[in-house]
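Chains, contacts and geometry: an overview
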Amino acid sequence: AQSVAQPEDQVNVAEGNPLTVKCTYSVSGNPYLFWYVQYPNRGLQFLLKYITGDNLVKGSYGFEAEFNKSQTSFHLKKPSALVSDSALYFCAVSLPRRALTFGSGTRLQVQP
Amino acid sequence: DTAVSQTPKYLVTQMGNDKSIKCEQNLGHDTMYWYKQDSKKFLKIMFSYNNKELIINETVPNRFSPKSPDKAHLNLHINSLELGDSAVYFCASSQELLKNTEAFFGQGTRLTVV
């Protein structure tokens, strides 16, 4: 079984400040981890993924995420938030030959 | 160039009707999926096809029947629609399920059953 938890429904941050969106996972095996972003009335867009290798993964639009095996976490981060980053963010996990299992989503609100 | 396209974008229909949603991808991917996003934005896998073969079928009522005429298309047919079927349905594709490459999503079909 595989599951993902995003403990925060919403994260508020001021423009220019660093942001963190939290994600923890539970799988029996080595996970593949993903972050997606959804803008209003749009489909999901891929941001970044961790498969293996370096624990710090860099992705689109200046986002990065750190894989922490001991804490089973894969938090999304950005050093300086933009108002245009405001959207719904989904963490997802999968195992080989399994479809993605998504978290419940975290709404990021960046205030000017 | 639209990578994963779904039609229609919006679908309003009465209870008991039968409807279909079409999906096409031009990425040359082997694997396609249908996801359902409910009113609380929770996303759940419904089906996955790899090279026209059904490989994932989650606990979905048999009123839902996917059809893949070729690996670039995965359509979703829903019989006897119910109010609880109202949701946004997303089609997605990925290069190969075994390699767990990232999935590309369509813009979604908002289904409203009245």
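One can find the structure itself at the top, above this paragraph.
Owing to the predicted nature of the structure, the values given are computational and were not obtained by experimental measurement.

This next bit is on the pattern of salt bridges. Applying the stated criterion across every chain yields a total of six salt bridges over all chains. The partner of lysine 49 of chain A in a salt bridge is glutamate 102 of chain B, and the shortest N-O contact between them spans 2.7 Å. Here lysine 49 of chain A, found in strand S6 (residues 44-50), pairs with glutamate 102 of chain B, found in the loop between strand S9 (87-94) and strand S10 (104-105), and the two come from separate chains. Given the relative accessible area of 28%, lysine 49 of chain A is considered partly exposed. Here lysine 71 of chain B ties to aspartate 30 of chain B by a salt bridge, and the two come within 2.8 Å at their closest N and O atoms. Placement of the pair is lysine 71 of chain B in the loop between strand S7 (64-70) and strand S8 (73-78) and aspartate 30 of chain B in the loop between strand S3 (19-25) and strand S4 (31-37), with a sequence separation of 41 residues. When salt bridges with common partners are traced through the structure, they connect Arg63, Glu82 and Asp85 of chain B into a single cluster.

This structure, assessed with the given rule, holds 14 aromatic pairs over all chains. For the pair tyrosine 50 of chain A and phenylalanine 67 of chain A, a centre-to-centre distance of 4.2 Å together with 20 degrees between the ring planes defines the contact as stacked. On the criterion of sequence distance, the pair formed by tyrosine 50 of chain A in strand S6 and phenylalanine 67 of chain A in strand S8 (residues 64-68) is long-range, its members being 17 residues apart. By the ring-pair criterion, three or more aromatic residues cluster together here, those being Phe34, Tyr36, Phe46, Phe90 and Phe102 of chain A together with Tyr33, Tyr35, Phe90 and Phe105 of chain B.

Conventions used here
Residues numbered from 1 in each chain as written. Chains lettered and ligands numbered in written order. Predicted model: local features only at pLDDT ≥ 70, side-chain atom pairs only at ≥ 80, totals over all residues. Heavy atoms only, no water. Salt bridge = Lys/Arg side-chain N within 4 Å of Asp/Glu carboxyl O. Helix = DSSP H or I, 4+ residues; strand = E, 2+ residues; numbered from the N terminus. Buried < 20%, exposed > 50% of the residue type's maximum accessible area, 1.4 Å probe, protein only. Phe/Tyr/Trp six-rings, centres within 6.5 Å; stacked < 30°, edge-to-face > 60°.

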